[in-house]
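Geometric and topological summary
Chain by chain, the residues:
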Amino acid sequence: MYRQAHYDEDFLIDYNTGSDYLLEEENCDLPENMKRKSLKLPNLRSFDVSRHYTKLSEMNYSVDVGMYPLGSCTMKYNPKYNDYIASMETFTDVHPMDYGMNMQGSLEIMYNLQEYLKSISGMDCVTLQPSAGAHGEFTGILIVRKYFEMRNELNQRNEIIIPDSAHGTNPASASMAGFKVIEVPSDENGLIDLNALDAAVSENTAAFMITNPNTLGIFDDNILKIAEIIHKNGALLYYDGANFNAILGITTPGIMGFDIVHFNLHKTFATPHGGGGPGSGPVAVKSFLKDFLPVPVISKNEGGYFLDYNVKNTIGKVSSYYGSFAILLRAYSYILKNGNDLKKNTQKAVLNSNYMADQLRKYYTIPYKKLKKHEFVLSTENTGKRALDISKFILDYGIHSPTTYFPLIVKEAVMIEPTESSTKKEMDFYIDVMKKAAFMDSDAIKSYPINTSVGRIDEVKAARNLIMHW
Ligand SMILES: Cc1ncc(COP(=O)(O)O)c(C=O)c1O
């Protein structure tokens, strides 16, 4: 039986240790009414802090505790050796403004990572700066914008086409960069409807933004045809790299005809998810877009590695320094450690996903017939229960809920991505609990979870009425 700890834990600022942090009387010229007697800082003992965070961790769930099959968000295990490497003093003691020889090692790593990402994506140039997948999207779309601006076509090319199965950050990035978003529907197989795409593309199209496999976990075999439609029209093809875990080592966006790609390093290369930053979302482009990359890029000449600001029509900077260096280090060490096994990881991720889909098909509806890649989407509608109730129920067994209610084109959607890091035993346990959920009484299930540190919350209130503490 799973039981999560529960503490009525105060914020550290509310710890009452009986003393306040008093300021010493100092001679200074500030007016009396502006002088503070106390800093209102908590005066804490080190074990107060240690106990506080230990208690919070006992009330929490993480990839260190168990399986975390968030479809699309990809929570694979983050190996500890990556953390070890990222915390080595050789890296933590280098200041980002130390442009001298002390930086050479760090620059070499970033340069090599750029090279790896190029060959993994089949692209020609890379920036490591963006701090999340969504930030990478925004950077990529700014590059689209600059490309058409330089061709004096921006006034005309003001639309970006996006499929109805897309992640919400895609239309958000496009519209933040000043484009009008045009949605195209999926066909009966969950793929891009080519006729609808043909009808949507026009002289106003700047780019088509897609992920392949898409958010249903289905690979679109028409991708070369799609690339042809888009390029014939003079527009660009953008690859949302969130689903790279399904293709790494097998094919590349370059082969598929894409012009711009973002990576979500946390999804594919086992780094922590930044939750919008500071994660890492590098962007790779074909050579004809090289002159628009953010500065600096990391380059190399006879003198060694250097920060290259010589990018003719750069979109400018999108992050301080060179991006999230500690995350880049983890991704680099993951790539080096796995080497040729990266392809095996992909194959295992796809196998795991299809194993789970096949087992869960007995209890739930799995829409769209095509073979799934690294993730799949099921609907709980046939059970008469809501996706929300199913996913809250399984928390009580010590396993994390999958992604729910996404993509929007599936009713009562549950999206599962076991990744290569799940074992058969873990998956079988998950399947077993999902089976129990399917047969639970429709009213009784609404009172779950019972054994977690926090039960049902008012989700709408939690989203709409934010009370922030920091
Ligand atoms: C398909 C897809 N695109 C983009 C994103 C945004 O990535 P990030 O969370 O790194 O900002 C996600 C996030 O889960 C995603 O699933």
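Residues numbered from 1 in each chain as written. Predicted model: local features only at pLDDT ≥ 70, side-chain atom pairs only at ≥ 80, totals over all residues. Heavy atoms only, no water.

Describing the side chain of Glu159
On the secondary structure map, Glu159 appears in strand S2 (residues 159-163). The buried category is assigned to Glu159, whose relative accessible area is 10%. Non-local contacts of Glu159, meaning those with residues more than four positions away in its chain, are made with Phe179, Lys180, Ile182, Ser202, Asn204, Thr205, Ala206 and Ala207. (Helix = DSSP H or I, 4+ residues; strand = E, 2+ residues; numbered from the N terminus. Buried < 20%, exposed > 50% of the residue type's maximum accessible area, 1.4 Å probe, protein only. Contact = heavy atoms within 4.5 Å.)

Some remarks on the pairing of strand S3 (residues 180-184)
Pairing analysis gives five bridges linking S2 to S3, with the strands arranged parallel. Of the residues in S3, the one forming a bridge with Ile161 is Ile182. Assessed by its sense of winding, the connection that carries the chain from S2 through helix H6 (residues 169-176) to S3 is right-handed. (Pairing = 2+ DSSP bridges. Right-handed = clockwise from strand over helix to strand, strands pointing away.)

Points about the packing of helix H12 (residues 341-360) against helix H14 (residues 424-439)
At a closest axis distance of 10 Å, the pairing of H12 and H14 adopts a crossing angle of 25°. By the criterion of interaxial angle, the relationship of H12 to H14 is roughly parallel. Crossing hand, H12 versus H14: right-handed. Contact residues: H12 offers Asn352, Tyr355, Met356, Gln359 and Leu360, while H14 offers Lys424, Met427, Asp428, Tyr430, Ile431 and Met434. (Axes fitted to C-alpha atoms, helices over the stretch in contact; angles between N-to-C directions. Parallel < 35°, antiparallel > 145°, perpendicular 65-115°, else oblique. Left-handed = near helix turned anticlockwise from the far one by under 90°.)

Overview of the sheet that holds strand S10 (residues 376-379)
What the three strands build is an open sheet, ordered S10-S12-S11; its pairing is antiparallel. Edge positions in the open sheet fall to S10 and strand S11 (403-404), since each of these has one partner strand only. Inspection of the sheet shows S10 paired to strand S12 (residues 413-416) by four bridges, in the antiparallel sense. Across the sheet, the residue bridging to Ser379 is Ala413, located in S12.

Quick word on the packing of aromatic side chains
Per the counting criterion, the structure on display carries 15 aromatic pairs. Seen in terms of ring centroids, Tyr147 and Phe148 are 4.9 Å apart; in terms of plane orientation they differ by 70°. Their pairing is edge-to-face. Looking at Phe148, the relative accessible area reads 0%, which means it is buried. Taken together, a centroid distance of 5.4 Å and an interplanar angle of 50° make the contact between Phe393 and Tyr397 tilted. Note on Phe393: relative accessible area 2%, which makes it buried. Three or more aromatic residues joined by ring pairs form one cluster here, namely Tyr147, Phe148, Phe288 and Phe292. (Phe/Tyr/Trp six-rings, centres within 6.5 Å; stacked < 30°, edge-to-face > 60°.)

Quick look at the domain arrangement of the chain
Each domain of the chain was delimited in the assignment, giving domain 1 (12-53), domain 2 (94-338) and domain 3 (344-464). One C-alpha centre belongs to domain 1, the other to domain 3, and the line joining them spans 47 Å. (Domains from an automatic or database assignment.)

Examining the site of the ligand
Around the ligand there are 14 residues in total, and Ser72, Gly133, Ala134, Asp240 and Lys267 lie nearest to it. Contact distances for the ligand include 2.6 Å between a nitrogen atom and a side-chain N or O atom of Asp240. The side chain of His266 places a nitrogen or oxygen atom 2.9 Å from an oxygen atom of the ligand. Burial of the ligand by the protein amounts to 95% of the accessible area it has alone, namely 390 Å². Listed by contribution, the elements that provide at least two residues to the shell around the ligand are helix H5 (133-150) and helix H10 (265-268). (Near = heavy atom within 4 Å. Polar contact = N/O pair within 3.5 Å; in protein donor to acceptor, adjacent residues only side chain to side chain. Areas by Shrake-Rupley, 256 points an atom, 1.4 Å probe, with all protein chains shown as cover.)

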